[in-house]
Amino acid sequence: MNNALRLGINIDHVATIRNARGGDTPDPVRAAKIAADAGADGITAHLREDRRHITDTDILRLCDEIDLPLNLEMAATDEMLAIALRHKPHAACIVPEKREERTTEGGLDVIGQLETLKPFVGQLGDAGVRVSLFIEPEPIVLDAAMSIGAPVVELHTGAYCDAKAGAERDREFARIERAAAHAADIGLECHAGHGLTFDTVQPVASISSIVELNIGHFLVGEAIFVGFSASIAEMRRLMVEART
Ligand code: PXP
């Protein structure tokens, strides 16, 4: 298996379904175990301020029960910083968060928040947590991420995935390509994610400077029809095919 391009599985929406009924099932930690068995390279979970899907207990259990690296998605708040410093996940991806949004709608405003983000990135880095900033695919934002010491950026692929196939999507893809090339030029590790599906993953996976994709919602939805292992295996197959 070609793991030069890592696949991080986001299990948030297993928790969304669980929380719709307020009980214990489906269990996102069980989903993480299945993802591990299906060859995932990491597990991603977003602990939101309003705990609408992943809960504090889920994070605790993921740390205790799952051997794969955990990528904790979190807003740049004091509460989340304290939680991350307590659990010390392998990685933390800093995302913008608005209470009323349905999902993460855009990249982090790194340029506008340099002063607040810099110590945040520093404290997590000092604790041994690999910090990534979820950003729009624009070179100027990558430069800002670099300037505050973030070792990793995750390029927001949402606009590319939402764009109409054809010229509009090609334009969005060109932005991702340019940003990924710029990451390689300035020495930032480059990840990508948001909204990726079987139809949209391959062009992104073919960009050699991108080393990790984080994918969730589509795979959880596909699991309803084919099972979680099979949906992850097919995503991996497409990624490997695009890379080779
Ligand atoms: N990366 C980041 C930073 C995200 O916020 C999300 C959504 O939680 C994803 C990747 C995965 O997006 P999706 O669930 O649409 O695959």
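Going by the structure above, here's the rest.
Nothing here was measured: the structure is a model prediction, and the numbers come from that model. (Residues numbered from 1 in each chain as written. Predicted model: local features only at pLDDT ≥ 70, side-chain atom pairs only at ≥ 80, totals over all residues. Heavy atoms only, no water.)

Relative to the helices and strands, Asn-10 is located in strand β1 (residues 6-10). A polar atom in the side chain of Asn-10 sits 2.8 Å from the backbone nitrogen of Asp-12. Contacts of Asn-10, omitting those with residues within four sequence positions, involve Thr-44, Glu-73, Ile-215, Gly-216 and Val-220. (Helix = DSSP H or I, 4+ residues; strand = E, 2+ residues; numbered from the N terminus. Polar contact = N/O pair within 3.5 Å; in protein donor to acceptor, adjacent residues only side chain to side chain. Contact = heavy atoms within 4.5 Å.)

By nearness alone, 15 residues border the ligand, and Glu-73, Glu-154, Gly-195, Gly-216 and His-217 come closest of all. Take Gly-195: an N or O atom from its main chain is 2.8 Å from an oxygen atom of the ligand. Measuring from an oxygen atom of the ligand, one finds a backbone N or O atom of Gly-216 at 2.8 Å. Coverage of the ligand by the protein chains reaches 95% of its 390 Å² of free accessible surface. For the shell around the ligand, the per-class residue count stands at 4 nonpolar, 8 polar and 3 charged. (Near = heavy atom within 4 Å. Areas by Shrake-Rupley, 256 points an atom, 1.4 Å probe, with all protein chains shown as cover. Nonpolar A, V, L, I, M, F, W, Y, C, P; charged D, E, K, R; others polar.)

What follows is about the environment of Met-235. With respect to the helices, strands and loops of the structure, Met-235 is situated in helix α11 (residues 228-243). Residue class for Met-235 comes out buried when judged on its relative accessible area of 0%. A C-alpha to C-alpha distance of 21 Å links Met-235 and His-46, two positions 189 residues apart in sequence. Setting aside its immediate chain neighbours within four residues, Met-235 contacts Leu-196, Thr-197, Phe-198, Val-201, Ile-215, Phe-218 and Leu-219. (Buried < 20%, exposed > 50% of the residue type's maximum accessible area, 1.4 Å probe, protein only.)

Quick look at the sheet that holds strand β7 (residues 189-193) now. Here we have 8 strands rolled up into a closed barrel, ordered β1-β2-β3-β4-β5-β6-β7-β8, and parallel in their pairing. Here the average twist between neighbouring strands, direction ignored, is 25°. Where β1 lies against strand β8 (residues 210-215), 4 bridges are found, and the strand directions are parallel. What sits directly across from Ile-9, in β8, is Ile-215. (Pairing = 2+ DSSP bridges. Axes fitted to C-alpha atoms, helices over the stretch in contact; angles between N-to-C directions.)

Applying the stated criterion across every chain, the model contains 2 aromatic pairs. When the centroid spacing of 5.8 Å and the interplanar angle of 45° are considered together, the rings of Tyr-160 and Phe-173 count as tilted. Note that Tyr-160 is positioned in helix α7 (residues 158-162) and Phe-173 in helix α8 (residues 167-186), a separation of 13 residues in sequence. Aromatic side chains Phe-198 and Phe-218 sit 4.8 Å apart centroid to centroid with 75° between the ring planes, which places their arrangement in the edge-to-face category. Here Phe-198 is found in the loop between β7 and α9 (201-205), whereas its partner Phe-218 is found in helix α10 (residues 217-226), with 20 residues between them in sequence. Phe-218 gets classed as partly exposed once you look at its relative accessible area, which sits at 23%. Sitting over the ring of Tyr-160, Arg-169 keeps its end group 5.9 Å from the ring centre. (Phe/Tyr/Trp six-rings, centres within 6.5 Å; stacked < 30°, edge-to-face > 60°. Lys NZ or Arg CZ within 6 Å of the ring centre and 35° of its normal.)

Right, let's get into α8. For α8, spanning 20 residues, the distance from its first C-alpha to its last is 29 Å, which sits close to the expected 28 Å at 1.5 Å a residue. Those residues of α8 not exposed but buried are Arg-169, Glu-172, Phe-173, Arg-175, Ile-176, Ala-179, Ala-180, His-182 and Ala-183. Contact partners of the buried residues in α8: α6 (139-147), β6 (152-156), α7, β7, α9 and β8. Note on α8: the residue one or two positions beyond its end, Gly-187, has a positive phi of about 85°. (Expected span 1.5 Å × (residues − 1).)

Of the two faces of strand β4 (residues 91-94), the one carrying Ala-91 and Cys-93 and the one carrying Ala-92 and Ile-94 are both buried. Pairing of strand β3 (residues 70-74) with β4 involves 4 bridges; the strand directions are parallel. Within β4, the residue paired with Met-74 across the bridge is Ile-94. The parallel pair β3 and β4, bridged by helix α4 (residues 78-87), forms a crossover whose chirality is right-handed. Pairing between β4 and strand β5 (residues 130-135): 4 bridges, direction parallel. Residue pairing across strands places Ala-91 opposite Arg-130, the latter belonging to β5. (Right-handed = clockwise from strand over helix to strand, strands pointing away.)

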